[in-house]
Each structure stands twice: as structure tokens, then as C-alpha cells.
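# Residue-level structural notes
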Amino acid sequence: MNAVEIEQAITELAELPFDVAEFPFAFLESFGNKATAIKKLRSGTSNKSDIDGVLQANHIHLKTCDAGQVPQTLSDLKGSKATQTKRNKVRFLLATDGETFEAEDLITGETVSCIYDDFPNHFVFFWPLAGLSKTKQLSESEFDVRATLRLNKLYTTLRADNPDWEKRSHDMNHFMARLIFLFFAEDTDILNGEDLFTNTIETLANADGSNTHEVISELFRAMNTDYPDRDAANLPRWATPFPYVNGGLFSGSTEVPKFSRIAQRYLTHIGHLDWTKINPDIFGSMIQAVADEEERSTLGMHYTSVPNILKVLNPLFLDDLRDHLDQAGDNRQKLKNLRTRMSNIRVFDPACGSGNFLVIAYKQMREVEFEINKRRGEAFDRSEISIRNFRGIELRDFSAEIARLALIIAEYQCDVTYRGQKDALADFLPLDRENWITCGNALRLDWLSICPPTGAGVKVKSDDLFETPLDQAEIDFENQGGETYICGNPPYQGSVNQTAEQKEDMRRIFAPVFKRYKDLDYVAAFMLAAARYNRLTGASSALVTTNSIVQGEQVAMLWPLIFQQQNKVSFAHKSFLWSNLASNQAAVTCIIVGLTISGGVRTIFDGGTSRSVEVIGPYLIPSTDQIVQKRSNALHSLSKMDYGNKPTDGGNLILSSVEKDELLEQYPHATDLLRKYVGSQEFIKGIHRYCLWIEDQQLTFALSIPEIQARVEKVKSLRSQSRGTQANKAAGSPHRFVFTPHTSETAIIVPQHFSERREYLTIGYHDGSRVVIANSASAIYDANLVDFSVLSSALHMSWLSAIGGRLKSDYRYSNTLVWNTFPVPKLTEKNKADLTRCAEDILLAREAHFPATIADLYKPDAMPQNLRDAHEANDEVLERIYIGRRFRNDTERLEKLFDMYTKMTTQVPS
DNA sequence: AATCCGACATCGA
DNA sequence: TCGATGTCGGATT
């Protein structure tokens, strides 16, 4: 069962008369339990309750009771032996008498206590029963979740009932936005009379929905007719209580999709929710799920949580406003100046989605303004902060509609909170005619005309911003002297996964200024566009982006361009995990980068801490904005590191330990065709795998073994069907790895990915075993132990950590980017001998713990003392070679390494 | 010829 | 179901 179905089921359950005996089973059935599971509970075979209730292991212990016994029953449940039995894993307790309803979540400690009829309002509380995960955010937004789910039902029904609207998704979206406005308006006295809209429908529309569209259409017409024109408009009497709203929302077609009986029921069903509880920032982000097939199952997948939005907005400008508020104290003039300043601040989100950044920014500013007005004794004054200064661009039509609505609702709610409902109502209608949310592709629209620059001296030609600007609106200067702040969470997409259209967007932004842009993430285009806008207008920006634009190879592609635009990093949040409402969390690690062309203190935020620095570099480290370029030859004179062997075989050339044994049992001679195959995981976790390693002269023999022949055939067909040209070419020799086949007697294996929790690189030394190193690792063939010593050092780890790429936040090792760029001083023969001995000691220390895996040995909290000592000794020797003593910390290590890197790369060749 | 990446992918507890 | 932690092969240079 999905969330929509659960909501429906428990709503229906609550509407039925309460049945003491049946309720527990009906309740569990609503959450998706199968009939067989219910049957087993009923018969008692799976009911573990010891107090005559129902206990479903892993889930819930619930009991119905006589009137007035709920608190006692809940405490009985809590104290019962069965609840306390660990094996039963009870998460929820629930007691009800049909009057009141009480429940407790034993994991989070949350409780619910409400009248029985209201329990469906807490259905998110029980989501884990249906295998859906609930977040704190989600449980605090029950209304928004329910409203979204119900709108979803209505939307899909209307789509199904109106196939002729298939191609008119904009009209459908606009219609939904109008409905949402009406639901909100009728519950907030914006419409005169409680539930005016829903009641009108219920009174006038036929039960089968046959004329619903006509009724609604007339209402729309009323709301689009200003009072002077009303008499002429010939409105039916029942439509006249509906006020003039317009503001673009009700202008245009009044056509309404047709309603079936079911759609009609859903409509009134939604109307009966209490829409005063709507939370525009949260609702907006969830509701995209209504119109978006892909997001339907995820409910706000790309939703940015409020704390994360504040991580952007506070350092960008809100903190500064609050500082000025503090400084102003009770000085009336200063307070007024601040208010005037705020009225000229423009907030612009070029990928605004449903507008949650804009809504939060607006709400926060209203809070500051209210404090000003309170201190000036003008608490009930009309706000000087206009929602027209909150501008956005959004690609998806439905989101764009909702963004606008969300701002309108936020404005009303702030007015109610700060000025009282009477004043809020007086100023609310009609809505502003203009729409400040533009629906379109932000990378092809001219930001300068959508959010015109501010300040008297600015004269801009839009061609500077994009290669081919679209129609540029006349630039107005109404916001003269004001500030503009760009914020948002634009879409990320790695180069491999970009759509054709996204690639074209990238080309337009980057091609005019830079050739090697194709490996950049899509979000980089927004960064550059923002940087340009900042340069041209003096604005500042802060965007949430994937962390990959401040790591690895992308740094050298993007950041010179940002610097060219005279932008500097004003503040940054280091990597944090994305969190959203979906149960399958988007696997992405984010950063926030603030850009500005102005000076000032820079701040680096990391988790809960922050520090002020003078410069923030593109790797989000302080002190240096040096960029490290990847290189194909090394800066040092240690051994060469190569990429591992790439099979491109669909797994067909690879054998597990078991498969190998089976093969050899039947064909003992095949042992000549097999080698040990070691990638990152095999090495780190001590897994044994093997690969077919067939020399050309062995081919006839190899193919005589049916098992091998089948595998080789599969490789051939897979490679020829591949989209990769290299794979196609290698289809001709399917018995071989696709390229760089290489083995040697001794080799160092360097996993390309490994856990962020390691204190040292988890590398290995293979001696005399002719292993095949996979492309999940890099390799130094015919290696020596000096290489091993350097790779094992804390110094090398800090270099990797600072400039290397990452997968999530785990380390990603690259020969070109990390090994070849690593600065090493000239090593004497004695140095080499010392380092070799240190490397041997590390290997010996590991060996002492045989058969522990590398994963075991390098667990940060369980690293054996002798291994730690061996690494310490290695660091001691190596660091003395660098500066004659140990480094004090990583900051000092990086300072030295970057210093050396700069010197070694700027030497003029003679 | 050789990678560097992944609004990820895939384990096993 | 969710923490933990690194596959695999394509598009790009």
C-alpha cells in the first residue's frame, strides 16, 4: 500500500461507527496488512499480546477498551511483559475507546492524544507500520501530507476523466492552483462565510458531478470580475458572494475539467480539511508530487529542509539584517533606515521549485520588520516588504504555479500573525496583477530582465550574461539602490546522466568561455551564471550544490571561470548529507557556496562549527585559493601509477571462489587460464575472486571448455551491444580485458574508493603473486617500498583529503589528480632506506594480526596499537624530511604542501 | 589511450 | 530496512 491508499483507508475507518472488537484488525488492515496476516492475528497464532489486546511483532501493541479507560489501558500496554519482551520489538502502543485515542512511539518518544475522529490526522505517526519511514519534519507536517495525498487523488482522477486535457497540462496545473487557493481562502475568511466554496459545490452540484465544472466555471468568472463590471457580467446569484480576486490567478480561461462522481467526492473531501494549517514552504515542496509522475512515490524528493534553507539565507543576508537590527536598538531613524533597506532587497531563486527559499526568506524578513515596527510603535502598519521582490524561475509549470501561490499564502499568514486578521483581510484582495515567478529554463532565460539589476550606476548589456539571451524585458530601476541576493538549490546532474537538453544548456553557458566543460556537473552552469550576474550587478549569491564541484577534477574546470568573473567565496558550508522527506534518501552530499565580488570576513561552516578566515579556496579550505591541475606525469620522481585493468565484461570474465572451484574440479587444466583478481573491495575486505586471463595462444584450449566458451560469448555480445566505442572495438577479442592488461611480480594496489573514516590510505603490497588489479583500484607495478611509505603517510592523506574527488564523502583516489600532483622533496639514499624500513614495519604490523582484513585493521576506533605505532614512525621519518620535525596538524601539512605545489608548478622551464 | 565520475548502487546486519 | 562503503562501464579528452 502506498501513502495515498493508507490515507484513504484510515479516513474511511474513522468514518465508520467504532467497533470495540474489530478496530485493532481494521486498523492494521488500513496500514496494508494482508488478509492472511490479519487472520493469523485474529486466531491468535501470531498475536503475542498478554493483556487481551493485539500485538503484532516488530510493530504495534494495541487494545480497545471501555469508555474512559484509555489512559489506564495505555499504561497497561506499556507495562505489559509482552511489550517489554525484546523479541517482540514493539514500536507503537495504541489505546482507544472510540472517544479518545492515545498512542506512543517507543522509538522516538512521540505521543498522540486526540479525539477518536481526529486520529486520521496523525496517520504519518504510524507510517513505519506500512514500511514507510517518517521524519520529524514529516510528522510535524501532517496537514501538508494529507492535503497532498488527497489532491493527488483528485488530480489523477481528473486526468483520467478528461483525456482531452492530456495536452493541456498547464491548464490543468493552473486549475489545481485555483482550487488550492479557494480551499485556503474559504477556511481563512478571505471568502465570506465558512467553507463557502465547498458548500456552494455541495449545494449546487449534482451528486454525480455532471454539472460541477459549470458551477466552478461560474465561480471563476465571478472572481475574475471586478465590482464595477459585476452587474453587466450577469453572474448567477450564488456566485456573487465570491470576491474579485484575479491577480492573474483567475484571469484567462474559466474552463474547468469535467468531474465524475468520484472526482466530485474527492473535491468535497479535500474541502473539509482544515486549510488554515497549510505550511506554504513545506506544502509547496511536497505538492510537486501531485503533478509529477516520477515524484509521486517520493513525496518531495528534492525538498530542501528549512534548516538547510537557513544555512543559505542566514549567512547570505539575514544575519546581517539581524545584526543591524541589534545595532539600531531603539533608534527610530536607524530602524526606519533598516526597514527602507529591506523594502529594497530583492531575493532571486533561479531554480525556485515551489518557492520554498523565497517563502522562507520572505517570512524571515517579515519577522525582522515586525520587530522594527514594534520598536517604533507601528506594529500594525502595512508591510513595506513586497512579495514582488521575491522572484524565481522554475522549469516545471506546476511548481511555478504553486510557488506564486505559496508566496501569496505566506503574505497573508504573515499579515495575520503580525497585524491581525482584520488588517490582513482588508489588504489581501485583489491580488497583484503581476506574476514574479517565471516558468522556463533558467539557463536559457535572461536573469537580468527577470530580476533586473539594482543601483543607479549599473548599465548592463544582457549579452554579457548568456550567449543568446531571449527577449529581454525593459530593465526597470524601481529597485534602485537596493540589494539583490541569489539563492536556491538548482538541479545537479553528473555529465554522464545529463539529458540532451541539459547538455545544450551547458554548451550555451560554457562553450563561449571554456572548451573543457563537458565533465562538469549541471549545477556548475548555475554557479557560473550566478557569478556573472554578481559581477554585472554587484549582487551576492549562495547556492546549495553537490560537493563534486569543489573536489577533484571539476575544481580546475569551474573555478578559474568563477574567479574570472571577479567572484570570491564569501562563505561556505562543508559537505553535509542531503536530507528530505523521501524514505529512500537521495544519496547525495551537498555543500553551500556563497559568492560575492565584495570584500569582508569569510566564514567556513562545518557541521555545527564555524570559523572566520581571510580567504576560502575552491576546495573550501582556508588560506589558499590555489587550484590543483591533474597531470599525466608526476611532479615527483617516485614510481609511476597506472589505472587498473578494465574488464568491461558484464561479470563474465570474473569468477567467485566457488565458481573457480567448480570449474577446476571439472577442468583441472583450466588453472592456467585463471588469475587472482583484486579490486578495492577484494583487497580491503579480503574477498577472493578470480578472473579468466587467456593469452591469445591459449584461446583454442580455453574455448574447448564449454563453460568458458559461454562466458566469452556473453562478453562478445555485451561488448558489441554497448554504447561505448571502446567496448565495441574490444568485442573482437572477448577473451581479453578491454585494455591495459597488465600484471607484475610486485605491485602496490591503491583502491580508488574507500571509507571516509580511515585515518590512512588502505593500500596493499602484493609480492610475487601475479595478481590482476581491477579498475576499481590503481596500481604501481614493480613497486618499491618508498612509494608504499609515502602513500601510507598522514601527509598524503591530507593531500588526498583536500584536493581529491569523493564519492559521497568517501575518499576517491586518482593517479593523475592525487599521486601525480603530490609534492615530494628530493629524497637522499638514506631517506629512501629509512622510508623502506618504515614501510616494512607497517607491513609486518599488519601481518601480526593475520588473518584480520584491512577493513578490520583500519577501523578508526579499533586500529591495533602496533599498526598505529608503525604509521606514526613512518610519519615521523617522512615529515622530518619535509620540515625537520613533525607537523603540528593537518592545517600545517596542507599549508606546506600547497606552498610546495605552487613553487613546483610555477617554475619557469629554462 | 586512460580515466573520474555517479540527486548512486549494493552489500549484509 | 537502513547504515556502511565501494562496482562498473560510459562519455570525454
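Residues numbered from 1 in each chain as written. Chains lettered and ligands numbered in written order. Predicted model: local features only at pLDDT ≥ 70, side-chain atom pairs only at ≥ 80, totals over all residues. Heavy atoms only, no water.

### Examining the overall build of chain A
- Secondary structure summary: chain A contains 35 helices and 25 strands in total.
- Within the span of chain A, comprising 910 residues, buried residues form 55% of the whole.
- Considering only residue pairs separated by 6 or more positions, chain A has 70% of its internal contacts joining residues 24 or more positions apart.
- Charged side chains in chain A number 101 positive and 119 negative. The centres of these two groups are separated by 5 Å. (Helix = DSSP H or I, 4+ residues; strand = E, 2+ residues; numbered from the N terminus. Buried < 20%, exposed > 50% of the residue type's maximum accessible area, 1.4 Å probe, protein only. Contact = heavy atoms within 4.5 Å. Lys, Arg positive; Asp, Glu negative; His and termini not counted. Charge placed at Lys NZ, Arg CZ, Asp CG, Glu CD.)

### Some points on the pairing of strand 10 (residues 540-546)
- The element strand 10 is largely enclosed, with a buried count of seven among its seven residues.
- Where strand 9 (residues 483-488) and strand 10 come together, four bridges link them in parallel fashion. Bridge pairing in strand 10 links Gly488 to Leu543.
- Sheet topology note: the strand 10/strand 12 (residues 589-596) ladder contains six bridges and is antiparallel. Of the residues in strand 12, the one forming a bridge with Val544 is Ile592. (Pairing = 2+ DSSP bridges.)

### Digging into the protein's contact with DNA strand B
- Close to DNA strand B lie 31 residues, the nearest being Ser548, Tyr643, Phe739, Lys808 and Arg812.
- A share of 46% is what sugar and phosphate atoms reach among the atoms of DNA strand B within 4 Å of the protein.
- Between DNA strand B and Tyr643 there is a distance of 2.5 Å, counted from a base nitrogen to a side-chain nitrogen or oxygen.
- Arg812 has a polar side-chain atom sitting 2.5 Å from a base nitrogen of DNA strand B.
- Those elements giving two or more residues to the surface near DNA strand B turn out to be helix 23 (552-564), strand 24 (806-807) and helix 31 (815-819).
- Residues belonging to the surface near DNA strand B are distributed by class as follows: ten nonpolar, 15 polar and six charged. (Near = heavy atom within 4 Å. Polar contact = N/O pair within 3.5 Å; in protein donor to acceptor, adjacent residues only side chain to side chain. Nonpolar A, V, L, I, M, F, W, Y, C, P; charged D, E, K, R; others polar.)

### What about the layout of surface pockets?
- As a volume, the second largest pocket reaches approximately 970 Å³.
- For the lining of the second largest pocket, the elements supplying multiple residues, two or more each, are strand 11 (568-577), strand 12, strand 13 (602-606), strand 14 (609-613), helix 30 (794-803) and helix 35 (890-906).
- Taken together, the residues of the lining of the second largest pocket sort by class into 15 nonpolar, twelve polar and ten charged.
- The residues that make up the lining of the second largest pocket include at least three from each of domain 3 (445-627) and domain 4 (630-642 + 784-910). (1 Å grid on protein atoms, 1.4 Å probe; cavity = no way out; pocket = protein on both sides within 12 Å on 5 of 7 lines; lining within 4 Å. Points joined across faces, edges and corners; volume = space filled by probe spheres on them. Domains from an automatic or database assignment.)

### A word on the packing of helix 21 (residues 500-510) against helix 22 (residues 523-537)
- Packing of helix 21 against helix 22 brings their axes to within 10 Å, and their N-to-C directions diverge by 30°. With respect to each other, helix 21 and helix 22 are oriented roughly parallel. By crossing handedness, the relation of helix 21 to helix 22 is classed as left-handed. Here Met506, Ile509 and Phe510 of helix 21 come into contact with helix 22, specifically with Ala524, Ala525, Leu528 and Arg532.
- Of the residues that constitute the contact of helix 21 with helix 22, the class distribution is six nonpolar, no polar and one charged. (Axes fitted to C-alpha atoms, helices over the stretch in contact; angles between N-to-C directions. Parallel < 35°, antiparallel > 145°, perpendicular 65-115°, else oblique. Left-handed = near helix turned anticlockwise from the far one by under 90°.)

### A closer look at helix 15 (residues 306-328)
- Spanning 23 residues, helix 15 covers only 28 Å between terminal C-alpha atoms, well under the ideal 33 Å at 1.5 Å per step.
- Where helix 15 bends most, the angle comes to about 70°, and this point is Asn314, followed within four residues by the proline Pro315.
- All of the buried residues in helix 15 are Asn308, Ile309, Val312, Leu313, Asn314, Leu316, Phe317, Leu318, Leu321, Leu325 and Ala328.
- Phi turns positive one or two residues past the end of helix 15, at Gly329, with a value near 55°. (Expected span 1.5 Å × (residues − 1). Bend = angle between axes of the 7 residues up to and from the residue.)

### Observations regarding the domain arrangement of chain A
- By domain assignment, chain A separates into domain 1 (3-134), domain 2 (144-277), domain 3 (445-627) and domain 4 (630-642 + 784-910).
- Relative to domain 4, the C-alpha centre of domain 1 lies at a distance of 57 Å.

### Some words on the pattern of salt bridges
- Within this structure, the stated rule accounts for 51 salt bridges.
- We note a salt bridge from Asp415 to Arg366, for which the minimum N-O separation is 2.7 Å. Of this pair, Asp415 sits in helix 18 (residues 397-419) while Arg366 sits in helix 17 (residues 356-375); the two residues are 49 residues apart in sequence, bridging distant segments of the chain. Each member of the pair, Asp415 as well as Arg366, carries the same accessibility label: buried.
- Connected via shared salt-bridge partners are Arg366, Glu369, Arg382, Asp415, Arg419 and Asp427. (Salt bridge = Lys/Arg side-chain N within 4 Å of Asp/Glu carboxyl O.)

### Digging into the packing of aromatic side chains
- Enumeration over the complete set of coordinates arrives at 45 aromatic pairs.
- Seen from their ring centres, Phe370 and Tyr418 are 4.7 Å apart, and the 25° between their planes marks the pair as stacked. Remark: Tyr418 occurs in helix 18 and Phe370 occurs in helix 17; sequence separation between them is 48 residues.
- Classification of Tyr418 as buried rests on a relative accessible area of 16%.
- Lying across the ring of Phe25, Arg42 places its NZ or CZ 4.5 Å from the centre. (Phe/Tyr/Trp six-rings, centres within 6.5 Å; stacked < 30°, edge-to-face > 60°. Lys NZ or Arg CZ within 6 Å of the ring centre and 35° of its normal.)

### Concerning the sheet that holds strand 12
- Across the sheet, which stays open at both edges, the nine strands sit in the order 8-7-6-9-10-12-11-13-14 with mixed pairing between neighbours. The strands lining the two open edges of the sheet, one partner per strand, are strand 8 (437-439) and strand 14. Sheet twist, expressed as the mean angle between neighbouring strand axes with direction ignored, is 15°.
- Relative to the sheet, helix 15 contacts strand 6 (345-349), strand 9, strand 10, strand 11, strand 12 and strand 13, its axis offset from that of strand 11 by approximately 150°.

### A short note on the protein's contact with DNA strand C
- Neighbouring residues of DNA strand C: 28 residues in total, closest Lys646, Ser680, Ser722, Ser755 and Asp810.
- Contact distances for DNA strand C include 3.1 Å between a base nitrogen and a side-chain N or O atom of Asn775.
- The side chain of Asp810 places a nitrogen or oxygen atom 2.8 Å from a base nitrogen of DNA strand C.
- The set of elements that each furnish at least two residues to the surface near DNA strand C consists of helix 25 (680-685) and strand 20 (753-754).

### Structural notes on unusual backbone geometry
- Leu429 connects to Pro430 through a cis peptide bond whose omega is -10°.
- Counting through the fold element by element, Pro430 comes out in the loop between helix 19 (421-428) and strand 8.
- Along the chain, Phe850 connects to Pro851 via a cis peptide bond; the corresponding omega equals 5°.
- Residue Asp52 is not a glycine yet carries a positive backbone phi of 70°.
- The phi dihedral of Asn246 is positive, around 35°, even though this residue is not glycine.
- Inspection of the secondary structure puts Asn246 in the loop between helix 11 (230-233) and helix 12 (261-271).
- Assessed through its relative accessible area of 4%, Asn246 is described here as buried.

### Examining the sheet that holds strand 17 (residues 674-678)
- Pairing is mixed in the open sheet, where four strands are placed in the order 16-18-17-22. The sheet terminates laterally at strand 16 (654-656) and strand 22 (772-773), the two strands that pair on one side only.
- The pairing of strand 16 with strand 18 (residues 689-692) spans three bridges and is classified as antiparallel. If you follow Leu655 over to strand 18, its bridge partner there is Tyr690.
- Contacting strand 16, strand 17 and strand 18, helix 24 (residues 657-666) crosses the sheet at an angle of about 95° to strand 16.

### Focus: the environment of Ile616
- With respect to the element layout, Ile616 can be found in the loop between strand 14 and strand 15 (642-643).
- Taking the relative accessible area as the measure of exposure, Ile616 reaches 4% and is therefore buried.
- Separated by 606 residues in sequence, Ile616 and Ile10 place their C-alpha atoms 53 Å apart.
- Discounting residues that sit within four places of it in the chain, Ile616 has contacts with Val569, Ser570, Phe571, Ala572, Arg602, Thr603, Ile604 and Ile621.

### Here's the deal with empty space enclosed by the protein
- According to the stated counting rule, one finds five cavities of 30 Å³ or more in the structure shown.
- Leu692, Trp693, Ile694, Glu695, His735, Arg736, Phe737 and Pro741 together form the lining of the largest cavity.

### Quick look at the side chain of Lys153
- With respect to the element layout, Lys153 can be found in helix 7 (residues 142-161).
- On the accessibility criterion, Lys153 (6% relative accessible area) is buried.
- Other than its neighbours up to four places away in sequence, Lys153 contacts Val4, Glu7, Gln8, Tyr266 and His269.

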